[in-house]
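Listed here are the chains, written in short residue letters.
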Amino acid sequence: MEEYNKLKHMFDKGSLSRRDFMSGVAMIGAGMAVAPSLLSGTAQAATPKVGGTFRIGMEGGSATDSLDPRTYADSVMIAASLCVMNGLVEFDPSGKPTGELLESWEAKPGAKEWVFNVRKGVKFSNGKTMTADDILYSIAIHRGETKSPAKGILKQITEIKKVNENQIAVTLEAGNADFPVILGDYHIVVVPDGFTDWQKPIGTGGYTLESFEPGVRLVFKRRGDYWKAGRANFDMVEIRNIQDPAARTAALQSGQVDAINRLDPRTVNLLMKDKKLNVVRTKGTGNRFCFVSRVTEKPFDNKDLRLALKYGIDREKIIQQVYNGFATPGNDHTLDALNPFYNTAMPQRKYDPDKAAFHFKKAGLGDAKIELQASEGAWGSAVDCATLFQESLKKAKINLDVKKVSADGYWDNVWLKAPFCAVYWGRRLSADQTFTQVYGSASDWNDSNWRVPEFDKLIGEARAELDEKKRKELYFHAQEMIAEDGGMICFAITDYLDGYAKNVMGAEAHARYDMNDDRIAEKGWFA
Amino acid sequence: MKLFGYKPTATAWLGLAIITIFIVIAVFADVIAPYSESESVGQTWDDPSWDFLLGTDNIGRDMLSRLIYGARMTIGVALVTTILSFLIGTTAGFLAAVGGTVIDQILSRIVDVMLSIPLLIFALIILSVFGSSIVTLVLTLAVLDSTRVFRLARAVATNLVVMEYVEAAKLRGEGLWWIMRREILPNALPPMISEFGLRFCFNFLFVASLSFLGLGIQPPYADWGGMVRDNGKAISFGLPAPLWPALAIAMMTVGVNLVVDWILSINSRPSGASAEM
Amino acid sequence: MLKTIAVRIVLGIITLWAVSILIFAATEILPGDVASAILGQGATPETLAVFRHELGLDRPAYVRYLEWFFNALHGDLGIAMTNKRVIVDVITPRFMNTLFLAGYAALIAVPTSVVLGIIAAINEGKFIDRFVNIVSLMTISVPEFFIAYVLILYFAVQFEIFPSLSTVFPEMGFIEKIYTTALPAFTLTMLVMAHMLRMTRTSVLSIMSQPYIEMAFLKGLTRSQVIVRHALPNAAAPIISVIALNLAYLIVGVVVIEVVFVYPGVGQFMVDGVTKRDLPVVQACGLIFAGAFVGLNTIADVLAIMVNPRLRHPR
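Residues numbered from 1 in each chain as written. Chains lettered and ligands numbered in written order. Predicted model: local features only at pLDDT ≥ 70, side-chain atom pairs only at ≥ 80, totals over all residues.

## Regarding the overall build of chain C
Applicable threshold: Secondary structure elements follow DSSP: runs of H or I no shorter than four residues count as helices, runs of E no shorter than two count as strands, and numbering proceeds from the N terminus. For the exposure call, what matters is how many other C-beta atoms sit within 10 Å of a residue's own: 20 or more marks it buried, 12 or fewer exposed, and in between partly exposed, using C-beta atoms placed from the backbone. Throughout, a pair of residues is in contact if the C-beta atoms placed from their backbones lie within 7 Å.
Along the backbone of chain C there are 15 helices and zero strands. Overall, chain C is about 85 × 60 × 35 Å in size when its C-alpha atoms are taken along their principal axes. Expressed as a percentage of the 315 residues in chain C, the buried residues total 53%. Excluding contacts between residues fewer than 6 apart, the proportion of contacts in chain C whose partners are at least 24 apart in sequence is 72%.

Right, dumping it as structure tokens:
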């Protein structure tokens, strides 16, 4: 089996751009070294069988959950929404966008004007046929006066209108070849025009909602007339909210659920020995774990200090000890190796206490103490990572104070405020989005406060550059700039790890999210 | 040999021995511990071996060394917290019982109100007002704990206040403080000492329970409660790592309470009343 | 005595009212912004402003308190900010679950620990006393999740006797609920027993030096008779007080158990509310917890007055 990862915090999730296709296949292949049965997913695809109650145990829910798509922030609601509703765009296992409710699309040259064809003959669970109006409404709720997290990525739309019942035209403020990927954002799901009763959502999905107790469980029933052939094969689907990783694992082992997400990496080896279970791993698409310093604040305005810290972290050791090897070392920027623009020429930065000591000395800070703020609120093992960082710096004679701060309110009170703190980033839809959001001068989330006009210019050029080779050169240079000068130590990118009972078919790897792009309820079936 | 004029029983000796050993370990941690408290010397959760007698912890640090160093923080913080909470709680509790209805109701209701606020919210507010430091931690825990001590102290003292000897003291015109100290305290000691033994041990774990709020022992320093917490997951796949700190807490708990039992038995053995002479 | 009890009950109600103010104030001054907690990092200043207005957060606090308080008196706890659900509808089944689990654990733990405590006191210093003491002390030396994991490992994963997921649903029958929640109930039982057991033992023993106990011995009663008939009633106050504290813990302090056993109680509901700064939810949970707590304390005080002969007839 294969797996991919997903992030868990409120950051919006990214998906692969369609250009990630080829390298995506290669990397998922690499993941198979751990789970050799990975490719069996394709073999299974023979004939899905209908029936059974599929019970999923998932982390990423809360008693405050709602089915209103403007509130989705984590896995449980994403997976739940895709049972009842459909998105505009789906992604194939390699991450390439394919048609869902928008069947196909075409861009005028320059990728500024787009025409989308609405799928015909799709019916809502209330019997109404889905049309362009429903799609316009479902996009409109994320624009204008709204608290939708998708608002930002839809800002580039200057005009969106119905051409006819089955066609929509979109005009963007500037060309964007990846626009269909943007429409694949998980917040954008389709409901009938004017719909507001989010406690009883109506959609075009393969199931209808039976019951919903936020933070406890959701129950779905098969519709039977799903427009996607061979999909939505379970009679009933039950999504249980199980927050504790040990509890999830125990539930899977004792057969109380059929699938779980976010395995504790330390249990993976154990679970892989269990003959009743399948472990699915997707390498290096998960969360990017970082320690971020604000380059405008003392002493981090000193480039040599930043370099010292980057050389002084033992990435391999952290990955081994905290993630049991289920992560890849980061190269001090948040782009991952699955992205086609990932700089393969730049050497992986390694632990080098001598270099760290050299740069630290050059920085001329004496034996100054440096404080790193970390918390379980950043991510579960942030404090462990920080403690190991502290130890590895000792060899370079650098004193790091690790301050454990409150998990509650961490993103409000510490992130973007503390001079040096633990941060994780999720995958972004494209290289452009990664660079613009994490390092762009205009971004509110530029947590290292590294604002470099030269870099912005570089990214702007790359966005407009249509020649892949030239674009690649520009992005390669951008990564070098960040890694060399930026305030971020990105030391690990995790794997997504899912567990399934052996009889669950269709549990394939997906380059976007775990649990088969959060669509295992739709794509799976019982053997 | 006698202690405070009494001869300890065999079990009391055992308890005293455990406590003494732990205190010696805490004081001489630097000399005894085979590794440093913070250095990651092995793999995650290595099995016990000659190199690591109790194996390693969740990020490869030597478990034994962390237990030894952890004794300092754990015993120190728990002891200070418990003493503080008993000073506050017992005084207030006795005062409530002796001082008459008005004082009693005021104190009792204040405590009720405090206890009624969920711990999480209470801790968050303390944190936002005072920030996180070891002093904040100790004070927070002591205040929270003292409310519980208060309930017990008041309950015990209320029973005593109606006794003849207290009535007599009141009639003699003794002051509140005198009555609390000379009449109530000696007679209320047994349940209070017993409670002290338990609260002290609860506090080993209590200290760690707020650590997700940053209110706790800061890394890389070890404390037993935190060690159980950090390594707790290992037990769910059958690794013994969290057993060691738990065992240390258990031994300390048993040790303290063996001594407590002995002190209690001195107190409750006037005549033929006891089964064991 | 009736008057004393009535006064105590009235005071309990006043306390609850004071608590309601404090809880409201506490949630108000909780650091962190409601709107930005719900909206997450995706929030822009303008969406925040829209949202705050939508939630009515731009009105003065005392207005909102009075509104909240009077609504609460009518059993209306408001609507959750995050998912717009009616809080009473959500919290009622959860509170029932909390009470069910607490009651389950208490029904096992209280009688067992009081009886064991008495047995230990009767056999003070003998093997059974030491054994009961040490075993119960061991159980409080480990955090709650530790006991929970061990029970899950053996009873759910290895031998599959009880389920590790203890979620109860409305459609379940009583027996099924008892079976489903066996593991969390056992865990809680182990957590609270030591405290009550030791307090029973100590309180009884501490009475043993009183003159009237010696008198009873002189009358020729056996040790067990003396303890049960004479020592226990007079030692009851601290025991009741400790039992009340532990029952309160079973109701308000079991978030970790709820998480590990996936049990839908009020504790997890409140934590989620706090994390998302969903103030009406936090306030509702706080109020319910406070009600349970004040109620238990009031009952404990009333009982203490009733069982103690001297308090029963104050001079």
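The rest of the description comes next.
## A word on the overall build of chain B
Scanning chain B for helices and strands turns up 10 helices and zero strands. Listing every helix and strand of chain B by position from the N terminus yields α-α-α-α-α-α-α-α-α-α. Along the first, second and third principal axes, the C-alpha atoms of chain B reach 70 × 50 × 30 Å. Evaluated residue by residue, chain B yields a buried proportion of 57% over its 277 residues.

## Quick word on the packing of helix 7 (residues 144–158) of chain C against helix 9 (residues 182–207) of chain C
Residue and element names in this part refer to chain C. Selection criterion: In this analysis, axes come from line fits to C-alpha atoms, helices being fitted only over the stretch in contact, and the angle between any two N-to-C directions falls in the range 0 to 180 degrees. Each angle gets one of four labels, with under 35 degrees taken as roughly parallel, over 145 as roughly antiparallel, 65 to 115 as roughly perpendicular, and the rest as oblique. Each crossing gets its handedness from the near helix: less than a right angle anticlockwise from the far helix is left-handed, clockwise is right-handed. Under the scheme applied, nonpolar residues are Ala, Val, Leu, Ile, Met, Phe, Trp, Tyr, Cys and Pro; charged residues are Asp, Glu, Lys and Arg; polar residues are all the others, including Gly.
Orientation of helix 7 relative to helix 9, taken along the N-to-C sense of each, is 140°, at an axis distance of 10 Å. Here helix 7 is positioned oblique relative to helix 9, judged by the angle of their axes. Viewed along their axes, helix 7 and helix 9 form a crossing whose handedness is right-handed. Each of Glu 144, Ile 147, Ala 148, Leu 151, Ile 152, Phe 155 and Ala 156 in helix 7 lies in contact with helix 9, whose residues at this interface are Leu 183, Phe 186, Thr 187, Met 190 and Leu 191. Split into classes, the residues belonging to the contact of helix 7 with helix 9 amount to 10 nonpolar, one polar and one charged.

## A closer look at unusual backbone geometry
A cis amide bond links Lys298(A) with the next residue in sequence, Pro299(A), at an omega value of -5°. Locating Pro299(A) in the fold gives a position in the loop between strand 13 (288–293) and helix 9 (303–311). Note that the residue after Pro219(B), namely Pro220(B), is joined by a cis bond; omega there is 5°. Positive phi, close to 55°, is recorded for Ala232(A), a residue that is not glycine. Topologically, Ala232(A) is positioned in the loop between strand 9 (217–222) and strand 10 (236–241). Ala232(A) sits in the buried class, given 25 other C-beta atoms within 10 Å.

## Some details on the interface of chain B and chain A
Counting residues at the interface gives 21 residues for chain B and 22 residues for chain A. Of all elements in the fold, only helix 5 (119–130) and helix 9 (224–236) of chain B reach the threshold of two or more residues within the side of chain B that touches chain A.

## Some details on the interface of chain C and chain B
Contact residues are listed per partner, giving 61 residues for chain C and 52 residues for chain B. Top contributing element to the side of chain C that touches chain B by residue count: helix 1 (residues 2–29) of chain C, with eight residues. Split into classes, the residues belonging to the side of chain C that touches chain B amount to 40 nonpolar, 14 polar and seven charged.

## As for the sheet that holds strand 10 of chain A
Residues and elements named next belong to chain A. Worth spelling out the cut-off: Strand pairing is assigned whenever DSSP identifies at least 2 bridges connecting the two strands.
A sheet is described by the order of its strands in space; here seven strands give the open sequence 8-9-10-1-11-19-12, paired in mixed fashion. Edge positions in the open sheet fall to strand 8 (207–213) and strand 12 (277–282), since each of these has one partner strand only. Inspection of the sheet shows strand 1 (residues 53–58) paired to strand 11 (residues 259–260) by two bridges, in the parallel sense. Within strand 11, the residue paired with Ile 56 across the bridge is Ala 259. Helix 3 (residues 75–84) contacts strand 1, strand 8, strand 9 and strand 10 of the sheet and is inclined by roughly 165° relative to strand 10. Against the sheet, helix 8 (residues 265–273) engages strand 12 and strand 19 (496–501), with an angle of about 135° to strand 12.

## Notes on helix 9 of chain A
Along helix 9 of chain A, seven of the nine residues are buried, which leaves the element largely enclosed by surrounding structure. Summarising the contacts, the buried residues of helix 9 of chain A are in contact with strand 13, helix 11 (353–363) and strand 18 (488–494) of chain A.

## Things to note about the pairing of strand 4 (residues 102–107) of chain A
All names here are of chain A. Across five bridges, the pairing between strand 4 and strand 5 (residues 113–118) is antiparallel. Looking at strand 5, one finds that Leu 102 is bridged to Val 118. What sits between strand 4 and strand 5 in their antiparallel hairpin is a turn of five residues, with Gly 110 showing a positive phi close to 95°.

## Some words on the sheet that holds strand 6 (residues 157–164) of chain A
All names here are of chain A. Taken in spatial order, the four strands of this open sheet run 4-5-7-6, and their pairing is antiparallel. One side of each edge strand has no neighbouring strand; the edge strands of this open sheet are strand 4 and strand 6. The average undirected angle you get between the axes of adjacent strands in this sheet is 20°. Bridge count between strand 5 and strand 7 (residues 167–172): five bridges; the pairing is antiparallel.

## Let's talk about the nonpolar core
Applied cut-off: We define the nonpolar core as any set of buried residues of the types Ala, Val, Leu, Ile, Met, Phe, Trp, Tyr and Cys, connected via C-beta atoms lying within 7 Å of each other.
The biggest cluster of nonpolar side chains holds 336 residues, and the ones touching the most others in it are Cys290(A), Cys421(A) and Ala157(B). Sorting elements by how many residues they give to this core places helix 11 (residues 223–252) of chain C first, with 18 residues. Contact partners of Ala157(B), with chain neighbours within four places excluded, come to Gly93(B), Phe94(B), Ala97(B), Val98(B), Ile184(B) and Ala188(B).

## Notes on helix 8 of chain A
Among the residues of helix 8 of chain A, Pro265(A), Arg266(A), Thr267(A), Val268(A) and Leu271(A) are the ones counted as buried. Turning to helix 8 of chain A, the residues buried within the fold contact helix 7 (245–253), strand 12, helix 10 (315–323) and strand 19 of chain A.

## Details of the environment of Asp62(B)
All names here are of chain B. Its place among the elements puts Asp 62 in the loop between helix 2 (29–32) and helix 3 (63–98). You can call Asp 62 buried: it has 26 C-beta atoms within 10 Å. As for Asp 62 and Glu 39, which are separated by 23 residues in sequence, their C-alpha atoms are 7.9 Å apart. Residues contacting Asp 62, with those up to four places away along its chain left out, are Pro 34, Tyr 35, Val 41, Phe 52 and Thr 56.

## Structural notes on the pairing of strand 18 of chain A
Residue and element names in this part refer to chain A. For strand 18, the tally of buried residues reaches seven of seven residues, placing the bulk of the element in the interior. Inspection of the sheet shows strand 13 paired to strand 18 by five bridges, in the antiparallel sense. Within the sheet, the bridge partner assigned to Val 292 lies in strand 18 and is Met 488. Of the pairings in the sheet, the one linking strand 14 (residues 327–329) to strand 18 comprises three bridges and is antiparallel in character. Paired with Pro 329 across the strands is Ala 492, a residue of strand 18.

## A look at the environment of Cys421(A)
Residues and elements named next belong to chain A. Positionally, Cys 421 belongs in strand 17 (residues 420–425). Considering only alpha carbons, one finds Cys 421 and Ala 509, 88 residues apart in sequence, at a separation of 33 Å. For Cys 421, the contacting residues outside a window of four places in its chain are Val 292, Leu 372, Gln 373, Ala 374, Val 414 and Trp 415.

## Let's talk about the confidence of the model for chain C
To keep things clear, this is the line we draw: One confidence number per residue, pLDDT, is output by the predictor and ranges from 0 to 100.
Of all residues in chain C, 92% have pLDDT values of 70 or greater, and the mean over the chain is 86. For this predicted complex, the interface confidence comes out at an ipTM of 0.86, alongside a pTM of 0.86.

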